[in-house]
Amino acid sequence: MGKYDKYFVKYGINTPKVDDLRPIVARMDNSVAKGCNFYLVHWVAPGFGDILGDYEYAGHPPHIHKSAELLMHIGGDPDNPMDLNAEVEMYMGPELERHTFTESTIIYIPPNFIHSPWRPLRVDKPFLFIEINQGPEHTEKFYPQLLPKEAREKIDWSMWPDKGFD
Amino acid sequence: MPYKVTDSCLKCGYCIKRCPEGAIIADEKEKMDELILQPVHIDVEICTDCGVCVSEEYWCPAQAIVEIQ
């Protein structure tokens, strides 16, 4: 045992696993290392979008965070690193402005900015999703009122509780 | 210069506890299908025009608070 072993963080080995369906490979926050911001890394593999459903506005529902967030989508082919080998859909703002992209992309989310639904429309090869939240804890507040009733009724809202908001 | 809440408000109620002067007042809750929404208004008698509510681009996630011209 070394004095500095605690700085080698291995998700689920020397840190707790969280209740999450995604194939997480790294997760850090203030509870793992005091003062550390929130980071989450998981793979997105073919079929990932299936768990989010296939209908208009399917996916992680519209929400905000108290701190700024970066959503990194990193293609898994080192010979062609800007090719995501997938197509991702993201809605932005209270207007739910729709965006899609197929390149390695970082989405910057300012504090309190409404974003999502997010979902992969297709995944040809696995890519890495890296979420950086510039605050010590993961906060989330949802805006179901932005979605049409038909979409709201298809979502299992127990999967999406508000966190860190009174 | 006083401020007001416009029709862009999403009635999320997030602003109520964030106003340092307690000038953002909860109105009677509204029902929208299965959702319960929280309309608000700014009490101009309490508001000190500190401008916190418009100090950041998305202080209000809907950008529904504006100065009264």
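Above this text you will find the structure in question.
This report concerns the structure included in the present document. (Residues numbered from 1 in each chain as written. Chains lettered and ligands numbered in written order. Predicted model: local features only at pLDDT ≥ 70, side-chain atom pairs only at ≥ 80, totals over all residues. Heavy atoms only, no water.)

Attention now goes to the overall build of chain A. A count of helices and strands for chain A gives 1 helix and 10 strands. Helices and strands in chain A line up, N terminus first, as β-β-β-β-β-β-β-β-β-β-α. By the compact-globule yardstick of 15 Å for 166 residues, chain A fits well, its C-alpha radius of gyration being 16 Å. Considering only C-alpha atoms, chain A reaches an extent of 55 × 45 × 25 Å along its principal axes. When each of the 166 residues of chain A is scored for burial, the buried share is 49%. Look at the contacts in chain A between residues 6 or more apart in sequence, and 67% of them connect residues 24 or more apart. When the accessible surface of chain A is summed, it comes to about 8,900 Å², and 53% of that surface belongs to carbon and sulfur atoms. The distance from the centre of the 17 positive side-chain charges to the centre of the 25 negative ones in chain A is 7 Å. (Helix = DSSP H or I, 4+ residues; strand = E, 2+ residues; numbered from the N terminus. Rg over C-alpha atoms; globule rule 2.2 N^0.38 Å. Buried < 20%, exposed > 50% of the residue type's maximum accessible area, 1.4 Å probe, protein only. Contact = heavy atoms within 4.5 Å. Areas by Shrake-Rupley, 256 points an atom, 1.4 Å probe, with all protein chains shown as cover. Lys, Arg positive; Asp, Glu negative; His and termini not counted. Charge placed at Lys NZ, Arg CZ, Asp CG, Glu CD.)

Per the stated rule, a full pass over the model turns up 8 aromatic pairs over all chains. When the centroid spacing of 4.8 Å and the interplanar angle of 65 degrees are considered together, the rings of A:Phe113 and B:Tyr58 count as edge-to-face. Remark: B:Tyr58 occurs in the loop between strand 5 (40-42) and strand 6 (65-67) and A:Phe113 occurs in the loop between strand 7 (105-109) and strand 8 (115-123); the pair is interchain, linking two chains. Across this residue pair, the class does not change: A:Phe113 and B:Tyr58 are buried. Each ring, one from A:Phe165 and one from B:Tyr14, has its centre 5.1 Å from the other, and the planes form 70 degrees; the classification is edge-to-face. (Phe/Tyr/Trp six-rings, centres within 6.5 Å; stacked < 30°, edge-to-face > 60°.)

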